[in-house]
Amino acid sequence: MPTPQHIAFLMDGNGRWGTAKGMGRLFGHKQGVEAMQRVTGMLLKAGIPYATVYGFSAENWQRPAEEVTGLMGLLRWYATEKLDELHAQNIRLRVIGERERLAPDIQTLLARAEEKTAHNTALTLQVALSYGARQEIVRAVNQALASGATAISEEILEHYLYTASIPDPDLIIRTAGEKRLSNFLLWQASYSELVFTDTLWPDFSETDFAAALAEYKGRKRRFGRV
Ligand code: IPE
Ligand code: IPE
Ligand code: MG
């Protein structure tokens, strides 16, 4: 099995990690961002050209206001403090999700980060923010209709997804023991291999990454064929 071209990460377990350390959920989220930076390094080293990370779901808006505010603060920090590092690593950043629901200043920061890194070539990193797959599909259908389409085909729908022109994930890794997709990439995950680990996201290490890749390599993808 060749190396995956696109890996998607369901970065779960930050809250539990922070709580277990007695430092609170937000500290867990901060360490989660650090873990994300580490993982980007692993992806670059492995030569994997596409990655998607689930940073904040459309449903996560329902969390307590204090946690949401803290997460938005982290996002501001990521989009400013980590931008030079991303750019130096030749990473192209793309945001997928309902960006219009984010605060205007965050929207501006993210647009700037996307613009600055637009021509980078080592890794395309999609960050899913206020993202929900069902919402993405409904939006795509509405955009297709608004553009004059009278019937939807797979090609038309895919053209209007946030992930248009990005190959589907070969592998989806979910941390922290939960075994569900939580509204992540439902369309794109049709034939993705799923790997679950009990490791909480802030602890996700080179060893976990290697284990996930080894598990993927041991799978046989059939796509409905024999
Ligand atoms: C994942 O960690 C990050 C976000 C959803 C923002 P969680 O915050 O879901 O952590 P747990 O699952 O509560 O431990
Ligand atoms: C999914 O994790 C969203 C992110 C990882 C950003 P959740 O922690 O929100 O998922 P559920 O609620 O356990 O399904
Ligand atoms: Mg969770």
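Here the structure is shown first, and the text comes after it.
Residues numbered from 1 in each chain as written. Chains lettered and ligands numbered in written order. Predicted model: local features only at pLDDT ≥ 70, side-chain atom pairs only at ≥ 80, totals over all residues. Heavy atoms only, no water.

## Some words on the overall build of the chain
(1) Moving on: Along the chain, the regular secondary structure elements total eight helices and six strands.
(2) Moving on: What you see in the chain, going N to C, is helices and strands ordered as β-α-α-β-α-α-β-α-β-α-α-β-β-α.
(3) Moving on: In terms of overall dimensions, the chain is globule-like: its C-alpha atoms have a radius of gyration of 17 Å, near the 17 Å expected for 226 residues.
(4) Moving on: With the C-alpha coordinates of the chain rotated into their principal frame, the extents come out at 55 × 45 × 35 Å.
(5) Moving on: Residue burial in the chain is summarised as follows: out of 226 residues, 47% are buried.
(6) Moving on: By sequence separation, contacts in the chain at least 24 residues apart represent 78% of the contacts at least 6 residues apart.
(7) Moving on: As displayed, the chain has an accessible area near 11,000 Å², and 53% of this comes from carbon and sulfur atoms. (Helix = DSSP H or I, 4+ residues; strand = E, 2+ residues; numbered from the N terminus. Rg over C-alpha atoms; globule rule 2.2 N^0.38 Å. Buried < 20%, exposed > 50% of the residue type's maximum accessible area, 1.4 Å probe, protein only. Contact = heavy atoms within 4.5 Å. Areas by Shrake-Rupley, 256 points an atom, 1.4 Å probe, with all protein chains shown as cover.)

## Focus: the packing of aromatic side chains
(1) Moving on: Taken as a whole, this structure holds ten aromatic pairs when the rule is applied.
(2) Moving on: Between F9 and F204, the ring centres sit 6.2 Å apart and the planes meet at 80°, which makes this aromatic pair edge-to-face. Of this pair, F9 sits in strand β1 (residues 6-10) while F204 sits in the loop between β6 (193-196) and α8 (206-217); the two residues are 195 residues apart in sequence, bridging distant segments of the chain. Each of the two residues, F9 as well as F204, counts as buried.
(3) Moving on: Seen from their ring centres, Y54 and F184 are 4.3 Å apart, and the 10° between their planes marks the pair as stacked. Linking Y54 in strand β2 (residues 50-57) with F184 in the loop between β5 (171-174) and β6, this pair joins segments that are 130 residues apart in sequence.
(4) Moving on: For F184, a relative accessible area of 0% translates into the label buried.
(5) Moving on: Pairwise contacts between aromatic rings join Y54, Y131, Y162 and F184 into one cluster.
(6) Moving on: The cationic tip of K30 hangs over the ring face of W77; the distance from NZ or CZ to the ring centre is 4.7 Å. (Phe/Tyr/Trp six-rings, centres within 6.5 Å; stacked < 30°, edge-to-face > 60°. Lys NZ or Arg CZ within 6 Å of the ring centre and 35° of its normal.)

## Considering the sheet that holds β5
(1) Moving on: Here we have six strands laid out as an open sheet, ordered β3-β4-β2-β1-β5-β6, and parallel in their pairing. With one partner strand each, in any of the chains shown, β3 (91-96) and β6 form the two edges of the open sheet. Direction aside, the axes of adjacent strands within the sheet are offset by 20° on average.
(2) Moving on: Pairing of β2 with strand β4 (residues 123-131), which is carried by seven bridges, proceeds in the parallel orientation. Note on β4: the bridge partner recorded for A51 is L125.
(3) Moving on: Relative to the sheet, helix α2 (residues 25-46) contacts β1, β2, β3 and β4, its axis offset from that of β4 by approximately 145°. (Pairing = 2+ DSSP bridges. Axes fitted to C-alpha atoms, helices over the stretch in contact; angles between N-to-C directions.)

## Points about the environment of M72
(1) Moving on: Among the secondary structure elements, M72 is positioned in helix α3 (residues 65-81).
(2) Moving on: Given the relative accessible area of 9%, M72 is considered buried.
(3) Moving on: Sequence separation between M72 and A103 is 31 residues, and the spatial gap between their C-alpha atoms is 8.5 Å.
(4) Moving on: Filtering out sequence-adjacent residues up to four positions away, M72 remains in contact with F56, W61, L102 and I106.

## Here's the deal with helix α5 (residues 104-117)
(1) Moving on: Compared with the 20 Å implied by 1.5 Å per residue over 14 residues, the 20 Å span of α5 between its first and last C-alpha is a close match.
(2) Moving on: Residues of α5 that are buried include every one of I106, L109, L110, A113, E114 and T117, and no others. Viewed along the axis of α5, the buried residues span an arc of 135°, placing them on a single side of the element. Relative to its buried face, α5 has exposed residues pointing more than 90 degrees away, namely P104, R112 and E115.
(3) Moving on: In this structure, the buried residues of α5 make contact with α3, α4 (83-88), β3 and β4. (Expected span 1.5 Å × (residues − 1). Arc of directions from axis to C-beta.)

## A few points about the site of ligand 2
(1) Moving on: Close to ligand 2 lie L10, M11, D12, Y54, G55, F56, N60, R63, R174, R180 and S182, which account for all nearby residues.
(2) Moving on: Residue N60 places a side-chain N or O atom 2.9 Å away from an oxygen atom belonging to ligand 2.
(3) Moving on: Contact with the protein chains hides 78% of the accessible area of ligand 2, taken as 390 Å² for the molecule alone.
(4) Moving on: If one sorts the elements of the shell around ligand 2 by residue count, β2 sits on top with three residues.
(5) Moving on: Considered class by class, the residues forming the shell around ligand 2 number four nonpolar, three polar and four charged. (Near = heavy atom within 4 Å. Polar contact = N/O pair within 3.5 Å; in protein donor to acceptor, adjacent residues only side chain to side chain. Nonpolar A, V, L, I, M, F, W, Y, C, P; charged D, E, K, R; others polar.)

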